[in-house]
Every structure is written in structure tokens, then in C-alpha cells.
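Structural overview for review
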2 protein chains.
Amino acid sequence: MIKHYTAAQILDLDKVFRINMVNSLTGFKAANLIGTISEDDHTNLAIISSVVHLGANPALMGFIMRPTTVPRETYENIIGQGVFTINHVTEPMVDRAHQTSAKYPKGVSEFDKCSFDPEYLDDFAAPYVAESPIKIGLRYVEDYIIKANGTILVVGAVEHIYLPDACLSANGTLDLSNNETVALSGLDGYYRTEYIKSKGYART
Amino acid sequence: MIKHYTAAQILDLDKVFRINMVNSLTGFKAANLIGTISEDDHTNLAIISSVVHLGANPALMGFIMRPTTVPRETYENIIGQGVFTINHVTEPMVDRAHQTSAKYPKGVSEFDKCSFDPEYLDDFAAPYVAESPIKIGLRYVEDYIIKANGTILVVGAVEHIYLPDACLSANGTLDLSNNETVALSGLDGYYRTEYIKSKGYART
């Protein structure tokens, strides 16, 4: 049976039900950990499901931040230091990665509380997640406040990429299932993946 | 073995290799079809991997458009009519859905060329994809041009949701693997998914 919800009916839903349903609607999402550091050397780690590809030349990525729910430390650190890292979440990391979404007091590091090791590579100021096989170092470029609800699109330029040789194919594509990177659905649903096929460039 | 690429090395990569690698870096992506219609009733359908959740109350979604690669008709139709649909891609739809990315001449409908049926529901002007089990009708709200590379973030407000009862859990979460919604990696890699677990709200 097909259920139909209008905008008015969505507004009338129980709050938790609405959050869960609407967060599931976009489809599968990337599971990434964002690593940052403050001016006084406090590290911060936050799971985020909204990382989006913006361009390959130059390599640009964005992510959506909700100031009311995500600890502001991530954003403050990005603005303060000008750099951040994006680290893929794999299946063995799921429990610890999800735990970074708990509201720890300011100055408490999710690296410590969630048992991840900060890793500093090639003089880049922001900490990577040592346990993550795919690590990206980015420099803050700009951000946009979405008028409709106050969320922020943060744009970063890729400065460093670290990835396992084994998941890189001859044409540059990464097989993320080979690499055990998980997918997210909704707020807290974790999924492993299985490769179906690559379709190639579509021609008329 | 771990490979390391700096920003300068990424710029020096072969173009196709760079596009494939950088498009894979963000992690798994949602696979959706965007349905639109022009003022003179020509339908358009485009696969897009950048749909992102913006908020649940009100329900808002965004997607990134690259004017140089995505047919401008999608954007023109959204601005012209003020509405568009987002439709999940399932495993049986993969071949036809990917084919919508081919560059068909203006005025030629990807619904016809890729064997999808346009469906009009509850007096909403934009066409849904009849074959898709999860369909969302959205009204255009605003857009943002990303200065760094000219891509556009299009923001839409959810006006209608259609989904199968069977994939909706008691707390509102959708089990998308139950529903056969696929995940995308890079430009053209399609993956089925398998549910691992839900972690619930994380507490310190």
C-alpha cells in the first residue's frame, strides 16, 4: 500500500517520526567523520551525513551544517584554523563513529571519548582519523547560509587525499564496497554495500 | 599501500581519472531522478547524485546542479514551473535511470527515450516516475550559486511524499534496502545495500 503525506500532514506528524521519515527521504547518504582542531589545540570529531561533491577541477566538496544540532565547535574550528578533514566511516568504525554525535561538553575531544586516534600528516593542521582508510584534507573556501532554515553549506577545497591503492581502479574510480565504507540512511541506519555494476558514460 | 595526492598532483592528473576519483571521494551518494515539465508541456528526467537533506520542519531538500554538464532544461523547468519531483532509483531501474544522463536534444523527453512512465498525482504540475516506489513533490524555494566553481544549490520544499507502507517503520525511519533503493559511487557505480543496524540517539 502507498502512503501519501501532504506538506500540512507532514507538519502535523509526531516530531521524532517526522525527523526520521524526512531524513530517510533523500536516499542513501555518505558516512563521514569531520576532524578539526581549535586554536588552543583541542581536537573535535563529528559524524556527518551531508558531504556532497561540488567539483573535480579544482576538487571541491561541501557539507551541510545545522547550527542547532551539530556542535558549533566543528564550525568554529573550521573558521578559526581554515582547515578540516573528511574521513570515511567503515563497518568496524560504525559504533564509535555514531557515538561522536553525542553532546560532549566543549573542550572534550570525541577522538578520546570514542576511541579514535588523531593523525597528523604532511604538516596539515587538522587531525585525520587514523582508523579511516580514506582521508581528505580540505581548506575552507566559503559558506552559504540557507535562508529557508538557517542551515549552512560549508565549501572546502581538497588539499590532500590519502587512499588505499587496492580500492583505486585503472580509470580513477574507487570501489568503496571493497574498502568497507558504509552508507547511511536517515539519522542512524547503517548499511554495507555490494557492487552491482558501472554503467559508463551514457550516449544517446 | 596508501597513495597520497596533493592539490597540485590532483590538478596534474588525467582529466577522466581525476573526475572519477574525486567524484568517488565523498562516499556513497543517493540515486534519484528529477522530473520536470516545461511551459509547453515537454517533460524532462535527469538522474542526480547530489540530493541532500536540509531540514525536517519544514521539510526541505537541496541538490547541486552543474550547469555545464547537466542539461539546463531541468533548471529552466524548475524556475519556470516552480515545481519538480525527486524519485528514488531502485535496482530494476538502474540501466534506464543512468541512460537519462545522455545528452538528448532539447525537447526530447528522457521519459520516452529511457522507458519511464510520467505520472501526475494530486494536481501537482511536475511528473513523477511511475516506476519509482518513493516519490517526492517539491516546490522551488531558492538557489545559491557557489562562487568557487559556479555550481548551483537548488533548494526545494517538500509538498507531497508517496512511499510504500512496507518500508516505513513505527518510528518513521524508512528501510531503503527493503525498498531496493540503490546507492551510487562516483559517476556511474551502482550498489545494492544490506542493513547492518540502527544506532539510536547517541548519549554521552
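Heads up: the structure comes first, above all this text.
Sequence order as written defines the numbering, with residues in each chain counted from 1. To label them, take the chains in the order written and letter them from A, then take the ligands in the order written and number them from 1. The predicted origin of the model limits local features to residues at a pLDDT of at least 70 and limits the giving and counting of side-chain atom pairs to 80 or more, whereas totals for whole chains, interfaces and linings rest on all residues. Hydrogens and waters are ignored; side-chain quantities use all the structure's heavy atoms.

1. Comments concerning the pattern of salt bridges
Put simply, a salt bridge is a Lys or Arg side-chain nitrogen that is within 4 Å of an Asp or Glu carboxyl oxygen. Tallied over the entire structure, the rule returns 18 salt bridges over all chains. Between Asp95 of chain A and Lys199 of chain B there is a salt bridge; the shortest N-O distance is 3.0 Å. One end of the pair, Asp95 of chain A, is in helix α4 (residues 94-99); the other, Lys199 of chain B, is in the segment after β13 (189-198), on a second chain. Between Glu194 of chain B and Arg192 of chain A there is a salt bridge, and its shortest N-O distance comes to 3.0 Å. Of this pair, Glu194 of chain B sits in strand β13 while Arg192 of chain A sits in strand β13 (residues 189-198), which puts the two residues in different chains. To sort residues, take the accessible area from a 1.4 Å probe on protein chains only and compare it with the maximum for the residue type: under 20% means buried, over 50% means exposed, and anything in between is partly exposed. Exposure remark for Glu194 of chain B: the relative accessible area of 43% places this residue in the partly exposed category. In this text, helices come from DSSP runs of H or I with a minimum length of four residues, and strands from runs of E with a minimum of two, each type numbered from the N-terminal end.

2. Comments concerning the side chain of Asn179 of chain A
All names here are of chain A. Tracing the backbone shows Asn179 in the loop between β11 (152-164) and β12 (183-185). Here a polar contact is taken to be a pair of N or O atoms separated by no more than 3.5 Å, where protein atoms must pair a possible hydrogen donor with a possible acceptor and residues adjacent in sequence count only if both atoms sit in side chains. A polar side-chain atom of Asn179 sits 3.2 Å from a polar atom in the side chain of Thr181. Residue contacts are counted whenever heavy atoms from the two residues lie within 4.5 Å of one another. When near neighbours in sequence (up to four residues on either side) are disregarded, Asn179 contacts Thr90, Pro133, Ile134, Pro164 and Cys167.

3. So, the interface of chain A and chain B
Facing the 101 residues of chain A at the interface are 101 residues of chain B. Here the quantity called buried area is the accessible surface, traced with a 1.4 Å probe, that two parts lose on coming together, added over both. Taking both partners together, chain A and chain B bury about 9,000 Å²; carbon and sulfur atoms supply 62% of that area. Summed over the shared surface of chain A and chain B, the number is eight salt bridges. The partner of Lys3 of chain B in a salt bridge is Asp165 of chain A, with the nearest N and O atoms 3.9 Å apart. Along the contact surface separating chain A from chain B lie 56 residue pairs in polar contact (both at pLDDT 80 or more). In terms of residue count, the dominant contributor to the side of chain A that touches chain B is β13 of chain A (ten residues). Classifying every residue of the side of chain A that touches chain B by side-chain character gives 51 nonpolar, 31 polar and 19 charged. At least two bridges found by DSSP between two strands are what make those strands a pair. Strand direction decides the pairing type here: β13 of chain A and β13 of chain B, joined by nine bridges, are antiparallel. Residue pairing across strands places Tyr190 of chain A opposite Lys197 of chain B, the latter belonging to β13 of chain B. Residues were grouped as follows: Ala, Val, Leu, Ile, Met, Phe, Trp, Tyr, Cys and Pro as nonpolar; Asp, Glu, Lys and Arg as charged; and all remaining residues, including Gly, as polar.

4. Overview of the nonpolar core
Each nonpolar core is a collection of buried residues, namely Ala, Val, Leu, Ile, Met, Phe, Trp, Tyr and Cys, held together in the definition by side-chain atoms within 4.5 Å. Ranked by internal contacts, the top residues of the largest apolar core, which has 68 residues, are Met21, Phe63 and Leu174 of chain A together with Met21, Phe63 and Leu174 of chain B. Apart from residues no more than four positions distant in its own chain, Leu174 of chain A is found in contact with Ile134, Leu163, Cys167 and Leu168 of chain A together with Met21, Ser24, Leu25, Ser185 and Tyr191 of chain B.

5. Remarks on the packing of aromatic side chains
The pairing test for Phe, Tyr and Trp rings, Trp by its six-membered ring, is centres within 6.5 Å, and the orientation test on the planes gives stacked under 30 degrees, edge-to-face over 60, and tilted for anything in between. Counted under the stated rule, the structure contains eleven aromatic pairs over all chains. Plain terms: the ring middles of Tyr191 of chain A and Tyr195 of chain B are 5.4 Å apart, the flat faces sit at 65 degrees to each other, and that makes the pair edge-to-face. Of the two residues, Tyr191 of chain A is situated in strand β13 and Tyr195 of chain B in strand β13; the pairing between them involves two chains. Taking relative accessible area as the criterion, Tyr191 of chain A reaches 2% and is therefore assigned buried. The class for Tyr195 of chain B is partly exposed, based on a relative accessible area of 38%. Here the aromatic rings of Phe63 of chain B and Phe84 of chain B are separated by 5.7 Å at their centres, their planes lie at 65 degrees, and the arrangement is edge-to-face. Of the two residues, Phe63 of chain B sits in strand β6 (residues 59-65) while Phe84 of chain B sits in strand β7 (residues 83-88), which places them 21 residues apart along the sequence. There is no split in this pair, since Phe63 of chain B and Phe84 of chain B are both buried.

6. As for helix α3 (residues 72-81) of chain B
Side chains that are three or four residues apart share a direction in an α-helix, a result of its 3.6 residues per turn. Turning to α3 of chain B, its buried residues are Glu73, Thr74, Tyr75, Asn77 and Ile78 of chain B. The inward-facing, buried residues of α3 of chain B abut β3 (32-37), β4 (43-48), β6, β7, β10 (135-145) and β11 (152-164) of chain B.

7. Some thoughts on the relation of the copies chain A and chain B
Only residues with pLDDT of at least 70 in both copies count here: their C-alpha atoms drive the least-squares fit that superposes the copies. Between chain A and chain B, which share one sequence, the superposing operator has a rotation angle of 180 degrees and an axial displacement of 0.0 Å; the RMSD is 0.0 Å. In short, the pair behaves as if placed about a two-fold rotation axis. Among all C-alpha atoms of chain A, that of Thr193 of chain A lies closest to the rotation axis, at 2.1 Å. Same-surface contact between copies: 100% of interface residues of chain A are shared with the interface of chain B.

8. Here's the deal with unusual backbone geometry
The step from Asn57 of chain A to Pro58 of chain A runs through a cis peptide bond, and the omega angle for that step is 0 degrees. Considering the arrangement of structural elements, one finds Pro58 of chain A in the loop between β5 (52-56) and β6 (59-65). A positive phi angle, close to 60 degrees, is found at Asp123 of chain A, a residue other than glycine. Counting through the fold element by element, Asp123 of chain A comes out in the loop between β8 (118-119) and β9 (128-129). The backbone of Asp122 of chain B shows a phi angle near 50 degrees, a positive value even though the residue is not glycine.

9. A word on the sheet that holds β13 of chain B
Where strands meet in a sheet, backbone hydrogen bonds hold them as pairs that are either parallel or antiparallel. One open sheet holds the six strands; their spatial order is β2(A)-β12(A)-β13(A)-β13(B)-β12(B)-β2(B), and the pairing between them is antiparallel. The sheet is open, and its two edges are formed by β2 (29-30) of chain A together with β2 (29-30) of chain B, each paired on a single side.

10. Notes on the side chain of His88 of chain A
With respect to the element layout, His88 of chain A can be found in strand β7 (residues 83-88). Exposure remark for His88 of chain A: the relative accessible area of 0% places this residue in the buried category. Within the structure, His88 of chain A has its side chain in polar contact with the backbone oxygen of Leu25 of chain B (distance 2.6 Å). Here His88 of chain A is in contact with Ala31, Asn32, Met93, Ser132, Pro133, Ile134, Leu176 and Thr181 of chain A together with Ser24, Leu25, Thr26 and Gly27 of chain B, once residues within four sequence places are set aside.

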